[in-house]
Amino acid sequence: MSGRQITRVEIQANGQVIGVLTTPPYSVTYQVPQTEAMIQIEASAVDDGGNHGRATPVSVQVVETDPLTTVIGMVTDVHSTPVSNVPVVLDGLNLMAVTDASGQFRFENVSTLPFGVKLSATINDPATGRRGRSAQVVAVRGGTTELGTIQAAVIRSALLPSLISGLGSGDHSGDNLADVFIGFADQPAAVYQSDGTGNLTPGSTLTLPFSTVRAGTSFRLDSVGGVDILAQPVGTPGTATIVLTDGAGGILSSMPLETGLDRESELIVTGFDSPDFLSRRPVVAFAALTGGTSLTVRVNEGAPDQFSAPIGLPTTPEIPIRSLLVQDVTGDQLADIVGIEEISSTDTRLIVFPRTGTTTFGAPVESSVIIRNGAATVGTVEVTIGTFGSGRNDDVAVLAEDRVRIYSGDGTGSYSLYREILLPENTVGRGIGPQSQIGGTVLAITVSQLDVPLSRMLLLYGEGGETPTTVIPYELSSDVGETRIVIDDLGGSEFGQFDVVVIDGRTLTTFLDLGPPRASE
């Protein structure tokens, strides 16, 4: 190429052309991609005679300068009150800070590598039981990365011996703290007693007259002082058992209660006539599903063991009932029966059996609306009833996979769609709380995160709210089985605050001091 002039130089980096030059100097400025750790530089040239030449490739290791970042955030309790002296860990970096008197935390000189890294912080304080997690935020290189506010709830967790078949709450031990009745299909049922800090352990003072249960709940039969238990023991078709407690952790008596069914009950639901605590009357609904749907009701007539004869309600055997509620929805102070019927693999509908007298019912009222994709966790559509913004106290909230549908009644048993609450993106509804226990103003919902199978979130919605007022992330020990929720007062640091118990499969999690006291019973 002697005497020839260079007419064209092409420069490549990792096989990509980064410059074509026709005049000297043959140089180019190149912005190295943040994802590249090694760059291979190649150059080729052409002269005015059409001759080609190529230089030996050169490999260059990329050494990135880290501008670092400062990470800041704030920790509050679920009521937005700043929490001091709480340890905060920066995830994946083994860095820890402690919140100051105003709940603020700060990390200096935090790495921003690799480029685009997302930072988050976690609270898991064994001394107080507070847990919380921030959102993931892309690190601001050379600046300040704000993680926002972390709501740190007081959370306790335990692993149950088996999957549950029954759940209810009440003060069984007479200490003004709710205990939790848990029935198992393959383990002895037990009353889990609260220690006042959210820890629930099987009580040793209450010996139940049955072992495994098919379905169950606990409720107050009268004013004897104890919270009494109604359960369907395995192996006693057609007969449930009532346990009357003495309010001090002991048992007054137990007795059989005929259900009027020829099989074991798979749903047992209780409610009350009259909003007046002194005059209200327990009403119990029993449903058997295996082998065809059957539904009966018994109404208390005075003493805890005095019930009406079983009242059979008209059902279609081939249409399963996936949930039951006992609540006055017709305004006559008589508890009606509200059910969710499964009419296809994807569709359900509301059906109401209105009471017309103490032991009489009118014709069932089937809703004209179809509830699509009701979230069925092991066969039960998750549903609750209360005040959700329409002005009535008998709105029905049904949990679907990606939303909550609120249905409002007209006082006759007929319901129509009132509004919908969309759940956060990339989550699936798992459980919905028995809202009527906490004063008719808060809806508790648990969701799972699609990309993190064992991660859950507890969401609290205010009456009529479209976005959650409280979001509490938590983790599971296992991901098998349905989700159940009860809401009561387990103690905690603030007496009278409502607490939430969530059972996901075998994982029992308690969340303390989440809201104001429940409405008086």
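Here the structure is a predicted model, which is why all the values come from computation and not from measurement. (Residues numbered from 1 in each chain as written. Predicted model: local features only at pLDDT ≥ 70, side-chain atom pairs only at ≥ 80, totals over all residues. Heavy atoms only, no water.)

Explanation requested: the overall build of the protein in the structure shown.
Counting its secondary structure elements, the protein contains zero helices and 45 strands. Taking all 521 residues of the protein together, 51% fall into the buried category. Look at the contacts in the protein between residues 6 or more apart in sequence, and 48% of them connect residues 24 or more apart. When the accessible surface of the protein is totalled, it reaches about 22500 Å², and 50% of it is carbon and sulfur. (Helix = DSSP H or I, 4+ residues; strand = E, 2+ residues; numbered from the N terminus. Buried < 20%, exposed > 50% of the residue type's maximum accessible area, 1.4 Å probe, protein only. Contact = heavy atoms within 4.5 Å. Areas by Shrake-Rupley, 256 points an atom, 1.4 Å probe, with all protein chains shown as cover.)

Can you walk me through the confidence of the model for the protein in this structure?
Should pLDDT be low for a region, the predicted coordinates there are not to be read in detail. Chain-level statistics for the protein give a pLDDT mean of 84 and a share of 90% at 70 or above. Across the protein, the element-wise mean pLDDT spans from 44 in strand β33 (residues 376-377) up to 97 in strand β9 (residues 104-110). Throughout residues 517-521 the model reports pLDDT below 50, and contacts reaching past four residues in sequence, or to other chains, amount to 13 contacts. (pLDDT = per-residue confidence, 0-100.)

Would you mind going over the sheet that holds strand β43 (residues 483-488) with me for this structure?
Whether parallel or antiparallel, the strands of a sheet pair through hydrogen bonds between backbone atoms. The eight strands lie next to each other as β8-β7-β11-β12-β15-β45-β44-β43, forming an open sheet whose pairing is antiparallel. Edge positions in the open sheet fall to β8 (95-98) and β43, since each of these has one partner strand only. Between one strand and the next, the sheet's axes are offset by a mean angle of 30 degrees, whatever the strand orientation. Across six bridges, the pairing between β43 and strand β44 (residues 498-504) is antiparallel. Residue pairing for β44: arginine 484 is matched across the bridge by isoleucine 503. (Pairing = 2+ DSSP bridges. Axes fitted to C-alpha atoms, helices over the stretch in contact; angles between N-to-C directions.)

Would you explain the sheet that holds strand β27 (residues 311-313) in this entry?
Strands sit in the order β24-β25-β26-β27 across an open sheet of four strands; the sheet is antiparallel. In the strand order of this sheet, the two ends are held by β24 (267-273) and β27, each with one partner. Taking each pair of neighbouring strands and ignoring which way they run, the sheet shows an average axis angle of 25 degrees. Of the strand pairs in this sheet, strand β26 (residues 294-299) and β27 are connected by three bridges, and their pairing is antiparallel. Residue pairing for β27: leucine 295 is matched across the bridge by leucine 313.

Explanation requested: the side chain of threonine 239 in the structure shown.
Position of threonine 239 relative to the elements: it lies in strand β22 (residues 239-245). By relative accessible area, threonine 239 is classed as buried at 18%. Leaving out residues up to four positions away in the same chain, threonine 239 has contacts with Gln232, Pro233, Pro256, Leu257, Glu258 and Thr259.

Explain the pattern of salt bridges here, please?
Side chains that carry opposite charge are capable of pairing whenever their charged atoms lie near each other. In total, this model carries 16 salt bridges according to the counting rule given. Taking the shortest distance from any N to any O, the salt bridge between aspartate 48 and arginine 4 comes out at 3.8 Å. In this pair, aspartate 48 sits in the loop between β3 (38-47) and β4 (52-54) while arginine 4 sits in the segment before β1 (6-13), placing the two residues 44 residues apart along the sequence. For arginine 4, a relative accessible area of 46% puts it in the partly exposed group. In this structure, the salt-bridge partner of glutamate 366 is arginine 349, at a minimum N-O distance of 3.2 Å. (Salt bridge = Lys/Arg side-chain N within 4 Å of Asp/Glu carboxyl O.)

Where do I start with the nonpolar core in this structure?
Of all hydrophobic cores here, the largest spans 19 residues; its most connected members are Leu295, Val297, Leu313, Leu324 and Ile337. Those residues within four positions of leucine 313 in sequence are excluded, and the remaining contacts are Leu295, Val297, Ile337, Phe353 and Phe361. (Core = buried A, V, L, I, M, F, W, Y, C linked by side-chain atoms within 4.5 Å.)

Would you mind showing me how to read the packing of aromatic side chains here?
In this description, an aromatic ring pair is defined by two values, namely the gap between the centres and the angle between the planes. For the structure shown, the criterion picks out two aromatic pairs. With a centroid separation of 6.0 Å and an interplanar angle of 70 degrees, the aromatic rings of phenylalanine 105 and phenylalanine 107 are classed as edge-to-face. Taking the relative accessible area as the measure of exposure, phenylalanine 105 reaches 2% and is therefore buried. (Phe/Tyr/Trp six-rings, centres within 6.5 Å; stacked < 30°, edge-to-face > 60°.)

Please explain the pairing of strand β16 (residues 164-170) as it appears in this structure.
Successive side chains on a regular strand alternate, one facing one side of the sheet and the next facing the other. The buried count for β16 comes to seven of seven residues, which makes it a mostly enclosed element. Two elements, β16 and strand β17 (residues 179-184), share six bridges in a ladder whose sense is antiparallel. Bridge assignment links serine 169 to a residue of β17, and that residue is valine 180.

Just to check I follow, could you spell out unusual backbone geometry for this structure?
Leaving glycine aside, a negative phi is the common case for residues, and trans is the common case for peptide bonds. Residues proline 24 and proline 25 are joined by a peptide bond in cis, for which omega reads -5 degrees. Inspection of the secondary structure puts proline 25 in the loop between β2 (16-21) and β3. Residue leucine 113 is joined to proline 114 through a cis peptide bond whose omega torsion reads -5 degrees. Mapped onto the elements of the fold, proline 114 is located in the loop between β9 and β10 (118-119). The backbone of asparagine 109 sits at a positive phi, close to 55 degrees, despite the residue not being glycine.

Looking at this model, I keep getting lost on the environment of leucine 458. Mind explaining?
Take leucine 458: it is sitting in strand β41 (residues 452-462). Classification of leucine 458 by relative accessible area gives buried; the value is 0%. Each C-alpha atom, one on leucine 458 and one on valine 471, is 5.8 Å from the other, the two residues being 13 residues apart in sequence. With sequence-adjacent residues up to four places away left out, leucine 458 is seen in contact with Ala444, Ile445, Thr446, Thr470, Val471, Ile472, Tyr474, Val500, Val502, Phe511 and Leu514.

Can you help me understand the side chain of glutamine 449 in this one?
With respect to the helices and strands, glutamine 449 occurs in strand β40 (residues 442-449). Classification of glutamine 449 by relative accessible area gives buried; the value is 18%. Contacts of glutamine 449, omitting those with residues within four sequence positions, involve Arg133, Asn426, Thr427, Ser455, Arg456 and Met457.

What exactly am I supposed to notice about the environment of valine 283 here?
Here valine 283 shows up in strand β25 (residues 281-288). In the structure, valine 283 is positioned 14 residues away from valine 269 in sequence and 8.4 Å away in space, judged by C-alpha atoms. For valine 283, the contacting residues outside a window of four places in its chain are Val269, Thr270, Gly271, Asp273, Val297, Arg298, Val299, Val326, Ala335 and Arg355.

For this particular structure, what's the right way to read a nonpolar patch on the surface?
Together, Val89, Met96 and Val98 line one region of the surface with nonpolar side chains, adding up to about 260 Å² of accessible area. You can see valine 89 is positioned in strand β7 (residues 87-90). Residue valine 89 is classed as partly exposed on the basis of its relative accessible area of 35%. (Patch = residues over 30% accessible without salt bridge, like charges linked within 9 Å, V, L, I, M, F, W, Y side chains within 5 Å.)

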